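# Descriptive analysis of the structure
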Amino acid sequence: MVSQALDQGLGADWRNRVQAPLRGHRPWTRILLLPGLMWRRDVERIPNISYGDAGRRNLLDIYRRRDAPQNAPVLIYFHGGGFTSGAKNREARPLLYQLASRGWVCISANYRLRPQTSFPGHQIDAKKVIAWVRERASEYGADPSRLFVAGSSAGSNMAALCALTPNDPAFQPGFESTDTSVTGAICLYGYYGYYFGETPDQPPSPNQPWAYLNPDAPPFFIAHGTKDALATVEAARDFAGRLRQISSNAVVYAELPGGQHALDLFHSPRFEAVVDGVEAFAAWVLAVPQRTSDSAR
């Protein structure tokens, strides 16, 4: 499922263009015996670094290898929770620890929730995290020029919007001059629908990523379970299809048979396949020059 999606989205020869070695086998001991164990000896977590003025809702955690590699690619991750709940240290940890062990600097961030804020407050916080990475992440060994955004559920919505709205002043009040463009986006069981109180008979909601689709969208990796009861697979298919029609860059869309919402909480065969897919996708993006709409013509 994931490998076929990579073949379709990147081309059948994508493996020949990946420079970094990929994981040769899945962590079956963790999957079968310790699915909830996230700690790794070679990875350190640096918690609760402030990136804004909203207290604990503007804190982020850094995951990196203990030998602190330099010039590392960066992954920013936003948690789910329907914009009303959630925290930075619950979801996608198999992904964060795996990439950190491979030399990445991974960042998982809180952001303001309802009713403390409403849209676009969540999105402004997401952009503030990118701005923090541009200014400060090099102190932790990161290379801000190689920056991916990722998220689950509502966090996937936010990651997609970040990728599709680089340098948009509407989402950067007070830091309009900061470069918030990203190298790629990773969307896990994303919610792409209407915001609170809106109905389908209204114009496109300003928090719907498909309203911002453009030819210069960076590469996307989208994964969604076919049995997701909270964010429908049909909406994910529609978003991926619209993006493929418009974007000059790669779109990988992986449907996970039987996959439900919150599939990234534990080590499992399904999510470890997604982790491998994300690592392969990111390695390909970093190895292959990406196109703009002008170069695609």
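So, here's what we can say about the structure. (Residues numbered from 1 in each chain as written. Predicted model: local features only at pLDDT ≥ 70, side-chain atom pairs only at ≥ 80, totals over all residues. Heavy atoms only, no water.)

Looking now at the packing of aromatic side chains. With the rule as written, the count across this model stands at eleven aromatic pairs. Both rings, one in Tyr192 and one in Phe239, keep their centres 4.6 Å apart while their planes meet at 25°; by these two values the pair is stacked. Highlighted residues: Tyr192 in the loop between strand E6 (184–188) and strand E7 (220–225) and Phe239 in helix H6 (residues 233–246), separated in sequence by 47 residues. The exposure classification of Tyr192 matches that of Phe239, with both residues buried. Here the aromatic cluster, defined as three or more aromatic residues joined through ring pairs, consists of Phe83, Phe119, Phe171, Tyr195 and Tyr212. In this structure, Arg242 is placed above the aromatic ring of Trp210, and the distance from its NZ or CZ to the ring centre is 4.2 Å. (Phe/Tyr/Trp six-rings, centres within 6.5 Å; stacked < 30°, edge-to-face > 60°. Helix = DSSP H or I, 4+ residues; strand = E, 2+ residues; numbered from the N terminus. Buried < 20%, exposed > 50% of the residue type's maximum accessible area, 1.4 Å probe, protein only. Lys NZ or Arg CZ within 6 Å of the ring centre and 35° of its normal.)

With that settled, consider a nonpolar patch on the surface. There is a patch of nonpolar side chains on the surface, built from Trp28, Leu32, Leu33, Leu34, Leu37 and Trp39 and spanning about 660 Å² of accessible area. Within the secondary structure, Trp39 sits in the loop between helix H2 (28–33) and strand E1 (43–50). Looking at Trp39, the relative accessible area reads 45%, which means it is partly exposed. (Patch = residues over 30% accessible without salt bridge, like charges linked within 9 Å, V, L, I, M, F, W, Y side chains within 5 Å. Areas by Shrake-Rupley, 256 points an atom, 1.4 Å probe, with all protein chains shown as cover. Salt bridge = Lys/Arg side-chain N within 4 Å of Asp/Glu carboxyl O.)

For the structure on display, the rule yields 16 salt bridges. In this structure, the salt-bridge partner of Lys88 is Asp61, at a minimum N-O distance of 2.7 Å. On the criterion of sequence distance, the pair formed by Lys88 in the loop between strand E3 (72–78) and helix H3 (93–101) and Asp61 in strand E2 (residues 59–65) is long-range, its members being 27 residues apart. Note on accessibility: Lys88 and Asp61 belong to one class, buried. Arg65 serves as the salt-bridge partner of Asp67, at 2.8 Å between the closest nitrogen and oxygen. For Arg65, a relative accessible area of 24% puts it in the partly exposed group.

Right, let's talk about the packing of helix H1 (residues 2–10) against helix H7 (residues 269–287) for a bit. With their axes 9 Å apart at the nearest point, H1 and H7 run at an angle of 20° to one another. Of the possible angle classes, the one that applies to H1 and H7 is roughly parallel. Crossing of H1 over H7 shows right-handed handedness. Across the interface between the two elements, Val2, Leu6 and Leu10 of H1 pack against Ala273, Val274, Gly277, Ala280, Phe281 and Trp284 of H7. (Axes fitted to C-alpha atoms, helices over the stretch in contact; angles between N-to-C directions. Parallel < 35°, antiparallel > 145°, perpendicular 65-115°, else oblique. Left-handed = near helix turned anticlockwise from the far one by under 90°. Contact = heavy atoms within 4.5 Å.)

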